[in-house]
Amino acid sequence: MTTSVTVLEGVRPKLLWYPMEKEFTTAFLTLKSRDPNGPTYQELTEGEDSVLHIAQRILGRCHPPASPPGKRTGLVVGYVQSGKTMSFETVIALARDNGYGLVILLAGTKNILLDQSEDRLIKDLGIDDGDGGWFHENNPTIARKGHLGDRLASWRGNPTRKRAVLITVLKHSGHLANLAALLQKLPLAGVPALVIDDESDQAGLNTRAAAVRRSRAGTNTASQTYSSILQVRNALPHHSYLQYTATPQANLLLAQADLLSPEFSELVTPGDAYTGGKAFFKQNADLVKVIPTAQVPSATVRLTGAPKTLLQAFRTFLLAAAHHQLTRTMGKDRNRTMMVHPAVLTTSHTMYKNWVETAKRTTFTAVKRLQKSDPPAAAKLFADEYAALKATFPNIRPLPALIDAMVDEVFDDFRVVEINGTQQAEKRVKWKETKYWVLVGAAKLDRGYTVEGLCVTYMPRPLGTSAAADNLQQRARFFGYKKDYLGLCRVYVQSDVQDAFRDYVEHEEFIRSALSSHRGKPLSEWRRDFILTDLLSPTRPNVVGLDIRRIPVDGWMVPGALHCDHDAVKANRRTFASATDGWKAAHGPVISASDLPQFVKAGESSPVPVIEGVPLKAVLQDLLLKVEVKDLVDAEEHSAMLLALASMLAKDPSLVADVFVMPKAYRSRVAGRGFPETDLRAPINQYFSNTADSVNDRSHFSPERISLHVRELSVGSAKRESSRADITEVPWFALHVPKNLRRPLIIEERK
């Protein structure tokens, strides 16, 4: 314990408190160390990157259990299939050891994921044997008020010995609303709680931002699931909320005005045995095979039989399964699986399942017959696939031995099933039932679903016209702890999907690198460095994780409601003053707009002060990345603007901006974004003055440079009556991008 405290004391930024491994954590980690395929107890507990230490870091940044009521929000980022479940299980065990009386797991958006998570928690935390220190509830309603109230009272009387409460709930607005109603009726004073949102970038975020932006809803509009999560949090006086994900783009880049914005971030370190995007798409190119467009069924491509590449993938899987049968140790590494992941439509699943079933029948019949009558002919059926596997896995068993293993064992221990929402589909794969599986499906095989022993993936599913990068990454069930048999793995995808995965790997490594240097720090600091780093250049504009749309970075970009939050206005006053004073000192002298070439040429005059040639990096770093934008419409477009400016800066670090210090002015509000003009949160009618026969606000920009307006506005509901302003001294900005730099920015909108 002393060693653990010493290690934790060295973490920077400093932890809020030091969670200690005690009875329940030791029991959990001991159980996991007995897994024949898992790490040892020492590997789980020793070293700065061990599962235990990372969990202690995560929980140590949460609201301390001994502190007064309060709340914290954290983001925990891992790779796909990298041990995130093991991480939050360890955090849960630590929470039990260190005085948390209630843990709530938001366990996915589909019942298949909830069932998978529950089964694992019940087994790993000892819930099913009654001695694990937990009382478990699934999707509880207010009808359980009395029973849960008694459980919490019992725990409060003796926290070290009595069972704490663990609730698993589907991430669905109805179930979450039921939970919120229940929590509001429970005696939660003095009960530290922990909420874990698994796959937090899915469903848990506010998905109404797009409707808000298109003025179909008010800026205070929120999606049902998001609102229900807020209700759950509001019912917990003392809690921390941990967002777990492998694809944090939406959490990181579009959370500026979000009530779930993380206050800190941590990383799940997967260990040496993990094989992720780099292993498949950077380091071992031979593991990835391209499915030609002509072999993918579509409106223009009609196939009368199984595609050639599907049959190749199937034969490759049979060889990998046979090698597994010959080399596996009893009780260890039970399964090998092939996954077929076509389009979302279940009719395509049936078609591919039928193709695989047909290939199974014909292959099994031919191999059994030829093994007896003509062994060389049997081997010839697999010659090409065997040679390819031999090149990437030299220790594969001889082909004749593999043929014998197929006939003797593999063919008799083999199932092909659909995993989807249809009536005939397999609802829950019982991995112990048989060793060799082919799973056919789409959405239900995406994020969060664990495929045991996956070694061959056939994914004809197209990239599509609006593929979100994080959603694409979540299809990568073939990542995971496969180091020992990586050379036997194969991934079949279309060429554009292969390119997208390669691009994503670059982006993912950048995300990890940036987060690593900012572990434990607020999102605002990470966001600043993300935008400013030179490494942004590999990032594609569609990595934000939302459904695709275009925001034109074109001409003027002006926020509409910088006045809507009183605290933000106060903070922005300090930010604007510091930025403009610093620019005047570093990049002065200040000149008059009348002296600018465009004004001289037009014979116009203006007293507006101008700070010429301020580096764009300084404009970002000193002002645009610090300004607080609390209106949801403005926040989304501000994020897009930041990405666009960062992209420009990455291509040309010498870019500068002219800063126009505009005079104070009055603007009236207009009904919009869900508010009447009398509401202090309603947007302004327009930013630009339209005085006739004069040089107005819109005239103040530089044709060849980025231009920035900074000023103060007073705001009221009466038109052209500044004396009736009800909000004063609001810092405001407007940005102009010249024609030579304009470009559309593709981001992706939350569905």
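What you see is a predicted model, and the numbers here were worked out from it, not measured in a lab.

Conventions adopted
- Residues numbered from 1 in each chain as written.
- Predicted model: local features only at pLDDT ≥ 70, side-chain atom pairs only at ≥ 80, totals over all residues.
- Heavy atoms only, no water.
- Phe/Tyr/Trp six-rings, centres within 6.5 Å; stacked < 30°, edge-to-face > 60°.
- Helix = DSSP H or I, 4+ residues; strand = E, 2+ residues; numbered from the N terminus.
- Buried < 20%, exposed > 50% of the residue type's maximum accessible area, 1.4 Å probe, protein only.
- Lys NZ or Arg CZ within 6 Å of the ring centre and 35° of its normal.
- Pairing = 2+ DSSP bridges.
- Axes fitted to C-alpha atoms, helices over the stretch in contact; angles between N-to-C directions.
- Core = buried A, V, L, I, M, F, W, Y, C linked by side-chain atoms within 4.5 Å.
- Contact = heavy atoms within 4.5 Å.
- Expected span 1.5 Å × (residues − 1).
- Polar contact = N/O pair within 3.5 Å; in protein donor to acceptor, adjacent residues only side chain to side chain.
- Patch = residues over 30% accessible without salt bridge, like charges linked within 9 Å, V, L, I, M, F, W, Y side chains within 5 Å.
- Areas by Shrake-Rupley, 256 points an atom, 1.4 Å probe, with all protein chains shown as cover.
- Salt bridge = Lys/Arg side-chain N within 4 Å of Asp/Glu carboxyl O.
- Lys, Arg positive; Asp, Glu negative; His and termini not counted.
- Charge placed at Lys NZ, Arg CZ, Asp CG, Glu CD.
- pLDDT = per-residue confidence, 0-100.
- Parallel < 35°, antiparallel > 145°, perpendicular 65-115°, else oblique.
- Left-handed = near helix turned anticlockwise from the far one by under 90°.
- Nonpolar A, V, L, I, M, F, W, Y, C, P; charged D, E, K, R; others polar.

### Thoughts on the packing of aromatic side chains
Thought 1: Across all of its chains, the model carries 21 aromatic pairs by this definition.
Thought 2: Relative to Y481, the ring of Y274 lies with its centre 5.6 Å away and its plane at 65°, an arrangement referred to as edge-to-face. In this pair, Y274 is assigned in the loop between strand 7 (264-267) and helix 12 (277-283) and Y481 in the loop between helix 18 (469-474) and strand 13 (490-493), connecting sequence segments 207 residues apart.
Thought 3: Here Y274 falls in the buried class, since its relative accessible area comes to 12%.
Thought 4: Taking the relative accessible area as the measure of exposure, Y481 reaches 42% and is therefore partly exposed.
Thought 5: Each member of the aromatic cluster is reached from another via a ring pair, and the members are F280, F281, F478, F479 and F501.
Thought 6: The ring of Y485 carries the charged tip of R336 above its face, separated from the ring centre by 3.8 Å.
Thought 7: The ring of F688 carries R698 above its face, with NZ or CZ at 4.1 Å from the centroid.

### Here we look at the sheet that holds strand 12 (residues 454-459)
Thought 1: Spatially, the six strands line up as an open sheet ordered 8-13-12-9-11-10, and their pairing is parallel. In this open sheet, the two edge strands, each paired with only one partner strand, are strand 8 (288-290) and strand 10 (414-419). Averaged over all adjacent pairs, the angle separating strand axes in this sheet is 15°, with direction ignored.
Thought 2: Looking at chain direction, strand 8 and strand 13 are connected through three bridges and run parallel. Within strand 13, the position partnered with V288 by the bridge is V491.

### So, the nonpolar core
Thought 1: If you look at the biggest cluster of nonpolar residues, it comprises 79 residues, and the most contacted ones within it are F280, M338, F414, L439, Y449 and F478.
Thought 2: The dominant element in this core, judged by the number of residues it contributes, is helix 13 (residues 308-327), at nine residues.
Thought 3: Excluding its chain neighbours within four sequence positions, the residues that come into contact with L439 are T337, M338, M339, V340, V417, I419, V429, W431, L445, Y449 and V451.
Thought 4: Judged by nonpolar contacts, the second largest core, of 61 residues, contains W17, M86, L148 and V232.

### A look at the sheet that holds strand 3 (residues 134-138)
Thought 1: One open sheet accounts for seven strands, arranged 3-4-2-5-6-1-7; its pairing is parallel. With one partner strand each, in any of the chains shown, strand 3 and strand 7 form the two edges of the open sheet. The average angle at which neighbouring strand axes cross in this sheet is 20°, direction not considered.
Thought 2: Strand direction decides the pairing type here: strand 5 (residues 193-198) and strand 6 (residues 238-245), joined by six bridges, are parallel. Bridge pairing in strand 6 places L194 opposite S240.
Thought 3: Against the sheet, helix 7 (residues 145-157) engages strand 3 and strand 4 (164-169), with an angle of about 155° to strand 3.

### Examining helix 13
Thought 1: Here helix 13 spans 29 Å end to end across 20 residues, near enough to the 28 Å set by a 1.5 Å rise per residue.
Thought 2: A large share of helix 13 lies buried, amounting to 14 of its 20 residues.

### Section: the environment of K171
Thought 1: Considering the arrangement of structural elements, one finds K171 in the loop between strand 4 and helix 8 (173-185).
Thought 2: You can call K171 buried: its relative accessible area is 3%.
Thought 3: Along the sequence, K171 and T109 sit 62 residues apart, while their C-alpha atoms lie 4.9 Å from each other.
Thought 4: Separated by 2.6 Å, the side chains of K171 and D197 make a polar contact.
Thought 5: Among the polar contacts listed, one links the side chain of K171 to the backbone oxygen of E199, at a separation of 2.9 Å.

### A short note on a negative patch on the surface
Thought 1: Taken together, the side chains of D404, D408, E409 and D412 present a region of like negative charge at the surface.
Thought 2: By secondary structure assignment, the location of D412 is in the loop between helix 17 (399-408) and strand 10.
Thought 3: The exposure class assigned to D412 is exposed, which follows from its relative accessible area of 61%.

### Section: the confidence of the model for the protein chain
Thought 1: On average, residues of the protein chain score 85 in pLDDT, and 86% of them reach the 70 mark or higher.
Thought 2: In the model, residues 465-469 has pLDDT below 50 throughout and makes 13 contacts with residues more than four positions away in sequence or in other chains.
Thought 3: Note that residues 745-751 has pLDDT below 50 and, in this model, 49 contacts with residues that lie over four places away or in other chains.

### Some details on unusual backbone geometry
Thought 1: In this structure, the amide linkage connecting R12 to the following residue, P13, adopts the cis form with an omega of -5°.
Thought 2: Its place among the elements puts P13 in the loop between helix 1 (2-9) and helix 2 (23-33).
Thought 3: Residue P589 is reached from G588 by a cis peptide bond, and omega for that bond is 5°.
Thought 4: The topology assignment puts P589 in the loop between helix 21 (566-587) and strand 16 (591-592).
Thought 5: The phi dihedral of R673 is positive, around 55°, even though this residue is not glycine.
Thought 6: By secondary structure assignment, the location of R673 is in the loop between strand 19 (665-668) and strand 20 (706-716).
Thought 7: At R720, a residue that is not glycine, the phi angle is positive and equals roughly 55°.
Thought 8: Looking at the element boundaries, R720 is found in the loop between strand 20 and strand 21 (727-737).
Thought 9: Judged by relative accessible area, which is 76%, R720 ranks as exposed.

### A closer look at the environment of S639
Thought 1: With respect to the secondary-structure elements, S639 resides in helix 24 (residues 632-651).
Thought 2: Of the residues examined, S639 reaches a relative accessible area of 5% and is grouped as buried.

### So, helix 24
Thought 1: Between its terminal C-alpha atoms helix 24 stretches 29 Å, which fits the 28 Å expected from 20 residues at 1.5 Å a residue.
Thought 2: Counting buried positions over the 20 residues of helix 24 gives 16, a clear majority of the element.
Thought 3: For helix 24, the N-terminal cap is D631; the gap from its side-chain oxygen to the backbone nitrogen of D634 is 3.0 Å.

### Notes on the pattern of salt bridges
Thought 1: Counted according to the given criterion, the structure contains 26 salt bridges.
Thought 2: The partner of D413 in a salt bridge is K435, with the nearest N and O atoms 2.6 Å apart. With D413 in the loop between helix 17 and strand 10 and K435 in the loop between strand 10 and strand 11 (436-441), this pair connects stretches of sequence that are 22 residues apart. Of the two residues examined, D413 and K435, each falls in the buried class.

### Considering the side chain of R667
Thought 1: Here R667 is to be found in strand 19.
Thought 2: Given a relative accessible area of 10%, R667 falls into the buried group.
Thought 3: The residues contacting R667, other than those within four sequence positions of it, are I684, Q686, Y687, F688, S689, D697, R711, L713, S714, V715 and G716.

### Section: the packing of helix 13 against helix 16 (residues 383-392)
Thought 1: Here helix 13 crosses helix 16 at 60°, and the two axes come no closer than 9 Å. Looking at the two axes, helix 13 sits oblique to helix 16. The crossing of helix 13 and helix 16 is right-handed. Every residue of helix 16 that contacts helix 13 at Q312, R315, T316 and L319 is listed here: E385, Y386 and L389.
Thought 2: Here the residues of the contact of helix 13 with helix 16 sort into three nonpolar, two polar and two charged.

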